[in-house]
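Structural features, examined
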Amino acid sequence: MKTRIFIWVLIGAGLILGYTNLFYAAGAGRSLKVPQEYKTIQDAIDAANSGDTILVASGIYKENIQLADGVLLQGAGADVTTIDGGGEGSVVEGAKGSVIEGFTITHSGKVGRSGDYMDVGISAKYSPMTIANCRIVGNNAGIRTYFSPSNIVNNVIAGNKAYGIYILYSDSQAKNNLIYNNGGYGIYNSYSDPEIVNNTITDNMEGIYSFVSQVVVKNNIIAGNKNAGIHWVETPDNQQGVEPLLSYNLVWGNKRDYVNVAPGNGDISEDPGFLSMGKLDARLQESSPAIDKGDEDGNYNDPDGSRGDIGAYGGPLAQKALLASPEEVSYASLEILYAAVKDPGRYLAQSWGVRAKTGKVLFSGKCAPCHGPQGKGDGPYSLSEGVKPRDLSMGALLSMRTDEFLFGVIKNGGAFAGLSEVMPPSGKSMSEEEINNVVQYIRSEICKCQHVKESGDTEQ
Ligand code: HEC
């Protein structure tokens, strides 16, 4: 019991002092592994106690998650670990003092346009929590905090049909998020006094919208939103005495930059100079006017100690760049991101597929769910199917197989070669060139072996 109380104190402190402390708190208990020890994420959560950490290996998990109080749910990274809500309900329901970190969260249901019943990617409802290092894309809305002051740090929130972040009755903290091309408001605040610091909010319907809320808006880039950049609703009766607190923002290129609110101290209005928004790269060019223009207070300095830059890549928690080169992407999630960003509304109606070309991307997206990221036969679906996926890293086996055999099994499925039909055919979803890419990838990176001719030959 004592440990639990201690953890709760730590978690409380974490919520006040920032999310780094929370990681220590939540890491104080056991580690539970998905899929090695628990087949599904939910199985692991159901077995976890407050203070435990659940480590989720890379893969696509088709689940709707209900977190548990004080549990840290940690994915192998948003570029390799995806929770897909399958188009039903919210993808993740939060819990008090819980942390979710390192996932792509996508494909919520489509119900609702506001309030606590709206389907969202991550929902914190009466559950203050931390959401960090996630990509929340292609949902009805991204994140909702409802009576739940939460930390929302270092996420990419893009291509959601309605809001990026929806804050209702919650003094939440949103820091260093890239909030891009959401169909509604980037951040919506109602009856809440949140802090919105060092975010980049661009190409949404509106940037920040506020209703009866005393919002701190500091060090943000709010640019290129289709209607207002910052929009304070004037409702004289109940908004009385509720002043926005703006400072050191770059507000530029919105249809109207400020509506019912005046620029704050240190606010500037110039083209932020993104490296390449077309490639989802919202880092700043060297000549950007946002560099070294954040609040002079040392608490807002960049990680290198210099005066903070404005936007998601500035300040002490500076956002890590989105993978700069798509070739480096090991998994489908950047594809999901691109698809979601291109068309937020329509995206929800489609089921997504992997359309990348390299063997690495194809293998991670189509094969790793069963064969595992290293091909060892330990992917998240390996436990649910009847026949165990082959360990493709076994050089002894794979060196007996010709490339034609592997090509045939992948194209036509296991049954074609006298193996189990659990191994599915991919001939319809991959071109011959792509299947060859996968075969070569297995040769060079998984088994690290070539076909060795009859045992009489002396090639070895
Ligand atoms: C639904 C799970 C599943 C998926 C997805 C899957 N596999 Fe398999 N695979 C299996 C199973 C199970 C076997 C073993 C069949 C047997 O032992 O009869 C297998 C066998 C194989 C073999 C035969 C190995 C040998 O020589 O005996 C190859 C090669 C292979 N898979 C490659 C792939 C590739 C490449 C992909 C992705 C394009 C893929 N698999 C996707 C389940 C899967």
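Please refer to the structure higher up on the page.
In this report, the structure presented in the accompanying data block is examined. What you see is a predicted model; the values in this text were computed from it and never measured. (Residues numbered from 1 in each chain as written. Predicted model: local features only at pLDDT ≥ 70, side-chain atom pairs only at ≥ 80, totals over all residues. Heavy atoms only, no water.)

**Topic: the packing of aromatic side chains**
Enumeration over the complete set of coordinates arrives at 15 aromatic pairs. When the centroid spacing of 5.7 Å and the interplanar angle of 80 degrees are considered together, the rings of Tyr126 and Tyr146 count as edge-to-face. One end of the pair, Tyr126, is in the loop between β10 (122-125) and β11 (130-132); the other, Tyr146, is in strand β13 (residues 143-146), and 20 residues separate them in sequence. Geometrically, the ring pair formed by Phe363 and Tyr441 is tilted, given 5.7 Å between the ring centres and 45 degrees between the ring planes. With Phe363 in helix α7 (residues 359-371) and Tyr441 in helix α10 (residues 432-446), this pair connects stretches of sequence that are 78 residues apart. Neither residue differs from the other here; Phe363 and Tyr441 are each classed as buried. Connected via pairs of aromatic rings, a cluster forms that spans Tyr126, Tyr146, Phe147, Tyr169, Tyr191 and Phe211. Over the ring of Tyr117 we find Lys125; its NZ or CZ atom is 5.1 Å from the centre of that ring. (Phe/Tyr/Trp six-rings, centres within 6.5 Å; stacked < 30°, edge-to-face > 60°. Helix = DSSP H or I, 4+ residues; strand = E, 2+ residues; numbered from the N terminus. Buried < 20%, exposed > 50% of the residue type's maximum accessible area, 1.4 Å probe, protein only. Lys NZ or Arg CZ within 6 Å of the ring centre and 35° of its normal.)

**Comments concerning the sheet that holds strand β5 (residues 72-75)**
A sheet is described by the order of its strands in space; here 10 strands give the open sequence β1-β2-β5-β8-β11-β14-β17-β20-β23-β26, paired in parallel fashion. Each edge of the open sheet carries a strand with a single partner, namely β1 (31-34) and β26 (245-247). Each neighbouring strand pair of the sheet contributes to a mean axis angle of 10 degrees, computed without reference to strand direction. The pairing of strand β20 (residues 195-197) with strand β23 (residues 216-218) spans 3 bridges and is classified as parallel. The residue of β23 that forms the bridge with Val197 is Lys218. (Pairing = 2+ DSSP bridges. Axes fitted to C-alpha atoms, helices over the stretch in contact; angles between N-to-C directions.)

**Topic: helix α9 (residues 403-412)**
Those residues of α9 that fall on the buried side of the exposure criterion are Leu406, Phe407, Gly408, Val409 and Ile410. For α9, the secondary structure elements touched by its buried residues are α8 (395-398) and α10. Positive phi shows up at Gly413, right after α9, with a value of about 95 degrees. (Contact = heavy atoms within 4.5 Å.)

**A short note on the pattern of salt bridges**
As enumerated under the stated definition, the model contains 6 salt bridges in all. For the salt bridge of Asp295 with Lys218, the shortest nitrogen-to-oxygen distance reads 2.5 Å. Highlighted residues: Asp295 in the loop between β30 (281-284) and α5 (333-342) and Lys218 in strand β23, separated in sequence by 77 residues. An identical accessibility class is assigned to Asp295 and Lys218; each is buried. Salt-bridge contacts for Lys411 lead to Glu432; the nearest nitrogen and oxygen are separated by 3.0 Å. Taken together, the residues Lys411 in helix α9 and Glu432 in helix α10 connect sequence positions 21 residues apart. Residue Lys411 is classed as partly exposed on the basis of its relative accessible area of 27%. Judged by its relative accessible area of 48%, Glu432 is partly exposed. (Salt bridge = Lys/Arg side-chain N within 4 Å of Asp/Glu carboxyl O.)

**Looking at the nonpolar core**
Ile41, Ile54, Leu73 and Ile100 are the most contacted members of the largest nonpolar core, which totals 46 residues. Elements with a contribution of two residues or more to this core: β1, α3 (41-47), β2 (53-56), β10, β16 (165-168) and β25 (228-232). No other element matches α3, which puts 3 residues into this core. Contact partners of Leu73, with chain neighbours within four places excluded, come to Ile41, Ile45, Ile54, Val56, Ile65, Leu67, Val99, Ile100, Glu101 and Phe103. Membership of the second largest hydrophobic core comes to 18 residues, among which are Leu362, Cys367, Leu397 and Phe407. (Core = buried A, V, L, I, M, F, W, Y, C linked by side-chain atoms within 4.5 Å.)

**So, the packing of α9 against α10**
Where α9 contacts α10, the axes come no closer than 10 Å and their chain directions differ by 125 degrees. Comparing their axes, α10 and α9 come out oblique. Note on packing geometry: the crossing formed by α9 with α10 is right-handed. Of the residues in α10, those touching α9 at Asp403, Leu406, Phe407, Ile410 and Lys411 are Glu432, Ile435, Asn436, Val438, Val439, Gln440, Ile442 and Arg443. In terms of residue class, the contact of α9 with α10 is made up of 7 nonpolar, 2 polar and 4 charged. (Parallel < 35°, antiparallel > 145°, perpendicular 65-115°, else oblique. Left-handed = near helix turned anticlockwise from the far one by under 90°. Nonpolar A, V, L, I, M, F, W, Y, C, P; charged D, E, K, R; others polar.)

**Considering the side chain of Glu63**
Position of Glu63 among the secondary structure elements: in the loop between β3 (59-61) and β4 (65-66). One buried charged side chain, Glu63, makes no salt bridge at all; its nearest oppositely charged neighbour is Lys39, positioned 9.9 Å away. One polar contact links the side chain of Glu63 to the main-chain amide nitrogen of Ile41, over a distance of 2.8 Å. The contact partners of Glu63, leaving out residues within four places of it in the chain, are Thr40, Ile41, Gln42, Ile83, Asp84, Gly85 and Val91. (Lys, Arg positive; Asp, Glu negative; His and termini not counted. Polar contact = N/O pair within 3.5 Å; in protein donor to acceptor, adjacent residues only side chain to side chain.)

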